[in-house]
Amino acid sequence: MYLCTAKTLFKKSSSLSMRFMTIASQGLNGFSNLAANLLSGAASLSQSRKGDLITCLRQTNTDCRCEICQSTYENYNTAVNLLEKFILKTMPDRRFTPANVTPGHIKALEHWLLDNGKSPNYCAQTMRSLKALFGRLNRRGSELFAQVRTSPYPTEKRAMSEEVIHQIATDDEVTDTRVACARDIFMVCFLCMGMPLIDAAHLRKSQLRDGRITYYRHKTHHSVTVTVEKELQKLLDRLTPRNSDFLLPILSGNDESQYMQQYRRFYQHYMRCLKRLSARISPDCRLTSYTPRHTWASIAHRKGIDTNTISQALAHANTQVTRVYINDICNEQLQNANKIVISAVK
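(A) Expanded view of the overall build of the protein. Counting its regular elements, the protein contains 14 helices and three strands. Taking contacts inside the protein between residues at least 6 apart in sequence as the whole, the part at least 24 apart equals 59%. Looking at the protein as shown, the accessible area adds up to about 21,500 Å², and 53% of this sits on carbon and sulfur atoms.

Dropping the structure here:
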């Protein structure tokens, strides 16, 4: 009896020993894999610190291309090109890596951009792009860009009065067909509840159904539906090309990779035409691609349309963005109110 018990205990202890050895072996293998991953990550981080700065930033931009929109990718690429030009112009003999860049270098880049005629908002956009790339590369974005401005500066008022919009819409004396086309596209953007130019450029004929245009904003991806009133239909009848899938004569062809390049060429041409159109209105008038959008929001607010409705019409991500448009109007009303009070006590 005791012999059987001893044999049983021996078998159980042997089985437990084997199980323990198996678990220990798995644990060591798991630890080895973890250690290998950590070493691999450390090697990758070390490589990113030792590699050429511009090469690393470009690779980071390429790696995140599937996560960001095309315009953001191009903004990042432009920012890296500017940084490379800055280094070649000011410190040609210095070799930069992601690890040896300092906040002082970033501040010097900001001064260099301003000294070379770049606008404050252009500089801020460049800094935002580089900060995002450094954040992805080695998480140094906040540290490196603490001394420069990355938020946009308030822009000048872009909204026009109802009288100016009426003057543009009824100006039939424009003889230059290119300026006339730019005028009509300007009015299409206004009549489509302040549609951004890039969204108007991508409108296809298939998006016009049952007297309505439905589109998704490129920036927020929010859906907007616009009822085609008779004024808008008249412009579309005049503008829509026959042998094209697009509603407006801005983009063409089926190669989507060419659309951004086509849009940029048109944008430059469009802004030149708006400059000539502005001169026809008054010396102080300055029309831009954003004018229809800001003007529609301004007029809607003055006519008593609530902020939520305006925000939905503009496809803003939230009403905070809409209030940026409306604050200019409120400030103007306050100034007028102050003039009325002062004149009352004279």
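(B) Just helix α2 (residues 53–63), in detail. Residues L53, I54, C56, L57, T60 and N61 constitute the buried set of α2. For α2, the arc enclosing every buried residue in end-on projection is 165°, short of the 170-degree limit, so these residues lie on one face. Taking the backbone nitrogen of I54 as reference, a side-chain oxygen 3.4 Å away marks D52 as the first, capping residue of α2.

(C) Broad picture of unusual backbone geometry. In the Ramachandran plot, R139 falls in the positive-phi region, its phi being about 60° despite a non-glycine side chain. Along the chain, R139 turns up in the loop between α5 (120–138) and α6 (141–144). A relative accessible area of 79% places R139 in the exposed class. A positive phi angle, near 50°, is found at D210, a position not held by glycine. Within the element layout of this structure, D210 appears in the loop between β1 (208–209) and β2 (212–216). Given the relative accessible area of 81%, D210 is considered exposed.

(D) Geometry of the pairing of β2. Residues I213 and Y215 line the buried face of β2, whereas the alternating positions R212, T214 and Y216 sit on a face that is not buried. Sheet topology places β1 next to β2; two bridges connect them, and they run antiparallel. By the bridge assignment for β2, L208 is matched with I213. Linkage of β1 to β2, two consecutive antiparallel strands, is achieved through a turn of two residues, within which D210 is found at a positive phi near 50°. Of the strand pairs in this sheet, β2 and strand β3 (residues 223–227) are connected by five bridges, and their pairing is antiparallel. Looking across to β3, one finds that I213 is bridged to V226. The hairpin formed by β2 and β3 contains six residues between the paired strands, and H221 there has a positive phi angle of roughly 65°.

(E) Structural context of the layout of surface pockets. Put simply, the second largest pocket is a space of about 280 Å³. Along the walls of the second largest pocket sit I168, A169, T170, D172, R183, D184, M187, L191, E231, K234, L235 and R238, which together make up its complete lining.

(F) Expanded view of the sheet that holds β3. Spatial strand order, β1-β2-β3: three strands in an open sheet with antiparallel pairing. With partners counted over all chains shown, the strands left at the sheet margins are β1 and β3, one partner each.

(G) Inspection of the packing of aromatic side chains at higher detail. Under the defined criterion, the tally for this structure stands at five aromatic pairs. Their ring planes at 35° and their centres at 6.3 Å tell us that Y263 and Y267 sit as a pair that is tilted. Taken together, the residues span about one helical turn, with Y263 and Y267 both in helix α11 (residues 259–281) at a distance of four residues. Residue Y267 is classed as partly exposed on the basis of its relative accessible area of 30%. Its end group placed over the ring of Y73, R65 keeps NZ or CZ at 4.0 Å from the ring centre. R149 extends its terminal NZ or CZ atom over the ring of Y153, reaching a point 3.9 Å from the ring centre.

(H) Geometry of the confidence of the model for the protein. The share of residues in the protein with pLDDT of 70 or more is 78%, and the mean pLDDT across the chain is 84. Note that pLDDT drops below 50 for residues 1–17; the model gives that stretch zero contacts with residues more than four away or on any other chain. Scored below 50 in pLDDT, residues 37–49 shows six contacts in the model against residues more than four places distant or in partner chains.

(I) Highlighting the packing of helix α8 (residues 177–191) against helix α12 (residues 291–302). Contact pair α8 / α12: the axes reach a minimum separation of 8 Å and the direction vectors enclose 40°. It follows from the interaxial angle that α8 and α12 lie oblique. In terms of crossing hand, the pair formed by α8 and α12 is right-handed. Across the interface between the two elements, F186, C189 and F190 of α8 pack against T291, P292, T295, W296 and I299 of α12. Counted by class, the contact of α8 with α12 contains six nonpolar, two polar and no charged residues.

(J) Structural context of the environment of M127. For M127, the location among the structural elements is in helix α5. The buried category is assigned to M127, whose relative accessible area is 0%. As for M127 and V148, which are separated by 21 residues in sequence, their C-alpha atoms are 7.5 Å apart. Not counting the four nearest positions on each side in its chain, M127 is found in contact with I106, L109, E110, L113, F145, V148, R149 and T150.

Reading guide: rules and limits
- Residues numbered from 1 in each chain as written.
- Predicted model: local features only at pLDDT ≥ 70, side-chain atom pairs only at ≥ 80, totals over all residues.
- Heavy atoms only, no water.
- Helix = DSSP H or I, 4+ residues; strand = E, 2+ residues; numbered from the N terminus.
- Contact = heavy atoms within 4.5 Å.
- Areas by Shrake-Rupley, 256 points an atom, 1.4 Å probe, with all protein chains shown as cover.
- Buried < 20%, exposed > 50% of the residue type's maximum accessible area, 1.4 Å probe, protein only.
- Arc of directions from axis to C-beta.
- Polar contact = N/O pair within 3.5 Å; in protein donor to acceptor, adjacent residues only side chain to side chain.
- Pairing = 2+ DSSP bridges.
- 1 Å grid on protein atoms, 1.4 Å probe; cavity = no way out; pocket = protein on both sides within 12 Å on 5 of 7 lines; lining within 4 Å.
- Points joined across faces, edges and corners; volume = space filled by probe spheres on them.
- Phe/Tyr/Trp six-rings, centres within 6.5 Å; stacked < 30°, edge-to-face > 60°.
- Lys NZ or Arg CZ within 6 Å of the ring centre and 35° of its normal.
- pLDDT = per-residue confidence, 0-100.
- Axes fitted to C-alpha atoms, helices over the stretch in contact; angles between N-to-C directions.
- Parallel < 35°, antiparallel > 145°, perpendicular 65-115°, else oblique.
- Left-handed = near helix turned anticlockwise from the far one by under 90°.
- Nonpolar A, V, L, I, M, F, W, Y, C, P; charged D, E, K, R; others polar.

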